[in-house]
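Residues per chain, in single letters:
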Amino acid sequence: MDKLIINGGKKLQGSVQISGAKNAAVAVIPAVILAEAPCVLENVPSISDVTIDLQILREMGADVRVLDKSTIRIDATHIRDAVVPYEMARCMRASYYFLGTLLTKFNHAKVYMPGGCDLGDRPIDQHLKCFKALGADHSIGRGIVEISAGKLIGTQIYFDKVTVGATINAMLASVKADGLTILENAAKEPHIVDLANFLNSIGADIMGAGTDVIKIRGVKRFTGANYAIIPDQIEAGTYMVAAAATKGDVTVNGIIPKHLEPITAKLRKIGAKLEERDESIRVMGADTYERTNLKTMPHPGFPTDMQPQFAALLTLAKGTSILTEGIFDNRFRYVDELRRMGADISVDGKVAVIEGVERLTGAPVKVADLRAGAALIIAGLSADGVTEIEDIQHIERGYEGMDVKLRSLGADIVKRRFTDGVRTAM
Ligand code: EPZ
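Position numbers for residues start from 1 in each chain and track the written sequence from start to end. Per-residue local features are limited, in this predicted model, to residues with pLDDT of at least 70; the limit for side-chain atom pairs, both in listing and counting, is 80 or more; totals at the level of whole chains, interfaces and linings are taken over all residues. Calculation of side-chain values draws on the structure's entire complement of heavy atoms; hydrogens and water are dropped beforehand.

Enquirer: Can you help me understand the packing of aromatic side chains in this one?
Expert: To describe a pair of aromatic rings, you give the distance between the ring centres and the angle between the ring planes. Any Phe, Tyr or Trp ring, taking Trp's six-membered ring, that has another such ring centre within 6.5 Å forms a pair; planes under 30 degrees apart are called stacked, those over 60 apart edge-to-face, and the others tilted. Taken as a whole and judged by the stated rule, the model has 5 aromatic pairs. Judged by centre distance (5.4 Å) and plane angle (80°), the rings of Phe302 and Phe310 are edge-to-face. Per residue, the accessibility class of Phe302 equals that of Phe310, and both read buried. Buried, partly exposed and exposed residues are distinguished by accessible area as a fraction of the type maximum, computed with a 1.4 Å probe on protein chains only: under 20%, between the cut-offs, and over 50%, respectively.

Enquirer: Is there a simple way to think about the nonpolar core in this case?
Expert: Soluble globular proteins: nonpolar side chains tend toward being buried together. Among buried residues, the Ala, Val, Leu, Ile, Met, Phe, Trp, Tyr and Cys ones that are joined through side-chain atoms within 4.5 Å form a nonpolar core. Counting 81 residues, the largest nonpolar core has Ile74, Phe198 and Leu199 as the members making the most contacts within it. Looking at which element gives the most residues to this core, the answer is helix α1 (residues 22-31), with 7 residues. The criterion used for residue contact is that any of the two residues' heavy atoms lie within 4.5 Å. Apart from residues no more than four positions distant in its own chain, Leu199 is found in contact with Ala31, Leu34, Leu172, Val175, Ala204 and Ile206. If you look at the next biggest cluster of nonpolar residues, it comprises 73 residues, including Tyr239, Leu274, Met306 and Ile377. In DSSP terms, a helix is any run of H or I states spanning at least four residues, a strand is any run of E spanning at least two, and both are numbered starting from the N terminus.

Enquirer: Looking at this structure, how should I read the sheet that holds strand β6 (residues 108-112)?
Expert: In any sheet, the strands associate via hydrogen bonds between backbone groups, in a parallel or an antiparallel arrangement. Read across the sheet, 3 strands follow the order β6-β8-β7 without closing on themselves; strand pairing throughout is antiparallel. Two strands in the sheet have a free side with no partner beyond their single neighbour: β6 and β7 (137-141). Put simply, the sheet's adjacent strands are angled 15° from each other on average, direction ignored. Any two strands between which DSSP finds at least two bridges are classified as paired. Relative to strand β8 (residues 144-148), β6 runs antiparallel, the two sharing 5 bridges. Bridge assignment links Ala109 to a residue of β8, and that residue is Ile147. Only the contacting stretch of a helix is used when fitting its axis, a line to C-alpha atoms as for every element, and angles between N-to-C directions run 0 to 180 degrees. Its contacts with the sheet place helix α4 (residues 97-106) against β6 and β8, and it is angled at close to 155° to β6.

Enquirer: Explain the side chain of Thr264 here, please?
Expert: With respect to the element layout, Thr264 can be found in helix α9 (residues 261-270). Apart from the residues lying within four places of it in its own chain, the contact partners of Thr264 are Met240, Leu274, Glu276 and Ile281.

Enquirer: Looking at this structure, I do not really get the layout of surface pockets. What am I missing?
Expert: Empty space among the atoms becomes apparent when a probe as large as a water molecule is rolled across them. Taken as a whole, the largest pocket spans an internal volume of roughly 1100 Å³. Put simply, the grid is 1 Å and covers the protein atoms alone, a cavity is a trapped set of points that fit a 1.4 Å probe, a pocket is an open set with protein on both sides within 12 Å along at least five of seven lines, and lining residues have an atom within 4 Å of a point. In terms of lining, the largest pocket is formed by 47 residues, of which the most central are Arg122, Val164, Gly165, Ile327 and Phe328. Residue assignment for the lining of the largest pocket shows that the elements contributing at least two residues are α1, α5 (125-133), α6 (164-174), α7 (190-201), α8 (233-245) and α12 (370-382). Grid points are joined across faces, edges and corners, and a volume is the space filled by probe spheres set on the points. The volume enclosed by the second largest pocket comes to roughly 360 Å³. Along the walls of the second largest pocket sit 20 residues, with Lys247, Asp287, Leu316, Glu358 and Arg359 positioned nearest its centre. Under the grouping applied here, Gly and all other residues not named as nonpolar or charged are polar, the nonpolar ones being Ala, Val, Leu, Ile, Met, Phe, Trp, Tyr, Cys and Pro and the charged ones Asp, Glu, Lys and Arg. When grouped by side-chain class, the residues that make up the lining of the second largest pocket number 7 nonpolar, 5 polar and 8 charged.

Enquirer: Please clarify how the environment of His138 should be interpreted in this entry.
Expert: By the secondary structure assignment, His138 is in strand β7. For His138 and Ser148, which are 10 residues apart along the polypeptide, the C-alpha to C-alpha distance reads 6.6 Å. The contact partners of His138, leaving out residues within four places of it in the chain, are Leu128, Glu146 and Ile147.

Enquirer: What exactly am I supposed to notice about the site of the ligand here?
Expert: Put simply, a residue is near a molecule or strand once any heavy atom of it comes within 4 Å of that molecule or strand. Neighbouring the ligand are 27 residues, the closest being Asp125, Thr163, Val164, Asp305 and Ile327. Whenever two N or O atoms come within 3.5 Å, that pair is a polar contact, provided that in protein one can donate a hydrogen and the other can accept it, and provided that, for residues adjacent in sequence, both atoms are side-chain atoms. Asn23 places a side-chain nitrogen or oxygen 3.1 Å from an oxygen atom of the ligand. At 2.7 Å from an oxygen atom of the ligand is found a side-chain nitrogen or oxygen belonging to Thr163. In isolation the ligand exposes 820 Å². Once the protein is present, 93% of that is buried. Elements represented by at least two residues in the shell around the ligand include exactly α1, α5, α6 and α12. Among the residues making up the shell around the ligand, the classes are represented as 12 nonpolar, 6 polar and 9 charged. Every accessible area reported is derived by Shrake-Rupley at a probe size of 1.4 Å, with residue values counting cover from the shown protein chains alone.

Below, the structure is given as structure tokens:
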């Protein structure tokens, strides 16, 4: 088992190149199934969720070639209608995007129920509602979701709640449906727009992505395309918060500042100094931070995927901060681990009350999910002493080479392999 060992207290300084967006890549890669010629995807992040997505495509018979670290050529023109295997589907939530894309390709799809971060209840009722509205029947049995349709027919769908996944699956399932599909109360995240842009680049007819009404007119054929994935605003936000927490001076490069507005605004509000340029943001940490209140909301609100990281920073702010998780039932599984490091946080349902403390101290901690892991790294970087972080496979799902990037910014962080508690290779 690998661990991250951090000797905290070092200011992060320098610049870091942000990779492609995980949540865009895991939507675009399944969508390549629809292309009737090979596609080349650029700026693909080298993370384990992408590795699994590409494995699923290979299992189905796609020809997948890694042209360089972040460029992949995929020829899915001869894939067969196969079940997305359990051992892959259970590793990530985004495996359920194969439902929408295979339904469009074969009028049929069989995918094991998705896994991914345990953030409390994560139903798929809105996904199933979309497939039904488009004319598909579904059954769930033996852990498998199976959907099939004689014909997919465009329709009007109003989401009962804003959901990124169901908005994406609805787009994937309606791009070849007969006639017009209108999605209302749709999610507006940058990765929704990125998927729509990719689909349009292979011949789809999608308008309004990024607003709460998306119109999709079914088309008959798709071409291939060369397409570059957008930069990851959550990875960028994570390094920005790490810079603030270590009172450092870090520039995140290769980003789209507009995607980071809620994070930039919050960092300024508590006292960090930021300089924005066309494709980069510089974050200069402050000696002390003001308390703040924060509620996570669908885009363009403060993103839930930055909630744990910001909480780690607020453990060091002066006074009492109130943090409300507006999206998931239980996204506070990192709090016990921060308490081991001296944080003063109490949680009641979806609300965390954070009393600022002078400093955190290093401790052995465990990662519960992807962004919880990022929060523990940020806490370890700012803490006095050594923090040992276990279960880092969660972090490697969504952050490309995080230890390497942090070391390039001056962090004292190493990855070590342990077998039965004894350090071995690395
Ligand atoms: C996506 O998850 C992201 N994952 C999550 O990122 C992100 O936190 C989330 O969107 C919100 O932005 C990927 O893109 C792969 P939702 P998703 O459907 O699609 C409820 C990360 O750290 N809901 O927008 O699962 C649901 O329970 C990950 O990168 C239903 O009730 O999120 C939640 O409370 C974690 N019924 C809310 O909606 C449904 O059918 C929002 O979920 C679907 C969702």
